[in-house]
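Given next are the chains, with one letter for each unit.
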Amino acid sequence: MVQKLKLRAVDDEDMKILSTCLQDALVPVGDMEYFPDDGRFVLVASRFCWEQPAESLDPGDEFYERIHCALSFNGVKKVHRRGISRRDPAQLLELLSLSVKDGAVELVFAGGAALRLEVDALSCQIEDFGEPWPTRWRPRHVIDN
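Notes on the structure in this doc start here. Values in this document were obtained by computation on a predicted structure and should not be read as measured data.

We now examine the packing of aromatic side chains. Evaluation of the coordinates by the stated rule reveals 2 aromatic pairs. With centroids separated by 4.6 Å and ring planes inclined at 65 degrees, the aromatic side chains of Phe48 and Trp50 adopt a geometry described as edge-to-face. Exposure remark for Phe48: the relative accessible area of 1% places this residue in the buried category. With 5.7 Å between their ring centres and 45 degrees between their planes, Phe48 and Tyr64 make a pair best called tilted. Of this pair, Phe48 sits in strand S4 (residues 40-48) while Tyr64 sits in strand S6 (residues 61-74), and the two are 16 residues apart along the sequence.

As a further point, take the pattern of salt bridges. One pass over the full model with this rule turns up 8 salt bridges. Here Asp120 and Lys77 are joined by a salt bridge, their closest N and O atoms 3.6 Å apart. You can see Asp120 sitting in the loop between strand S10 (114-119) and strand S11 (124-135) and its partner Lys77 sitting in strand S7 (residues 76-82), a full 43 residues away along the chain. Here the two residues Asp120 and Lys77 agree in accessibility, since each one is exposed.

Bringing the nonpolar core into the picture now. In terms of nonpolar packing, the biggest core is built from 33 residues, with Met15, Met32, Phe41, Phe73, Leu107, Phe109 and Leu117 touching the most fellow members. The leading source of residues in this core is helix H1 (residues 12-22), at 4 residues. Not counting chain neighbours up to four residues away, the residues in contact with Leu107 comprise Leu43, Leu71, Phe73, Leu95, Ser97, Leu98, Ala113, Ala114, Leu115 and Leu117.

The next subject is the pairing of S4. Bridging between strand S3 (residues 32-35) and S4 involves 4 bridges; their strand directions are antiparallel. Bridged to Glu33 within S4 is Val42. Linking S3 back to S4 in an antiparallel pair, the connection comprises 4 residues, with Gly39 at a positive phi of about 65 degrees.

Within strand S9 (residues 104-109), 5 of the 6 residues are buried, leaving the element largely enclosed by the surrounding structure. Where strand S8 (residues 92-101) lies against S9, 6 bridges are found, and the strand directions are antiparallel. The residue of S9 that forms the bridge with Ser99 is Glu106. In textbook terms, the turn of a hairpin is the stretch between consecutive antiparallel strands, and for S8 and S9 this stretch comprises 2 residues, one of which, Asp102, has a positive phi near 50 degrees. Bridge count for S9 against S10 is 5 bridges, and the pairing is antiparallel. Within S10, the residue paired with Glu106 across the bridge is Arg116. Linking two consecutive strands that pair antiparallel, namely S9 and S10, is a turn of 4 residues; a positive phi of about 80 degrees is found at Gly111 within it.

Calculation criteria
Residues numbered from 1 in each chain as written. Predicted model: local features only at pLDDT ≥ 70, side-chain atom pairs only at ≥ 80, totals over all residues. Heavy atoms only, no water. Phe/Tyr/Trp six-rings, centres within 6.5 Å; stacked < 30°, edge-to-face > 60°. Buried < 20%, exposed > 50% of the residue type's maximum accessible area, 1.4 Å probe, protein only. Helix = DSSP H or I, 4+ residues; strand = E, 2+ residues; numbered from the N terminus. Salt bridge = Lys/Arg side-chain N within 4 Å of Asp/Glu carboxyl O. Core = buried A, V, L, I, M, F, W, Y, C linked by side-chain atoms within 4.5 Å. Contact = heavy atoms within 4.5 Å. Pairing = 2+ DSSP bridges.

Written out as structure tokens, the structure is:
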């Protein structure tokens, strides 16, 4: 069973760690929300547990785990979306990376979708919740030369 993560990021090095933990997380558009009065952006993702080795009940039969994870950003002044329709809350996005660039946090998703959060200063937290569940699907990435 996976140990639940609870981490925060206040600089670029911290964000690289969070990005690694959240790579290939699945995020329904309906589970993302910006609260402008509070300067807060939150989302809930189904995080692939990269830190958990595969378990095998039978030879060649591997099982992995996913767990729900809350991701929140404080000090958000503005949110820009690309390739994300708020009218389709069931749209499922696959998170590829998180990074800090020019006073903003960028969340890049598969298929060219992205979020850019303009922030005063980086203040981000992730926290797993609920119980993990098994999955046979392990994300794979094609690496171009």
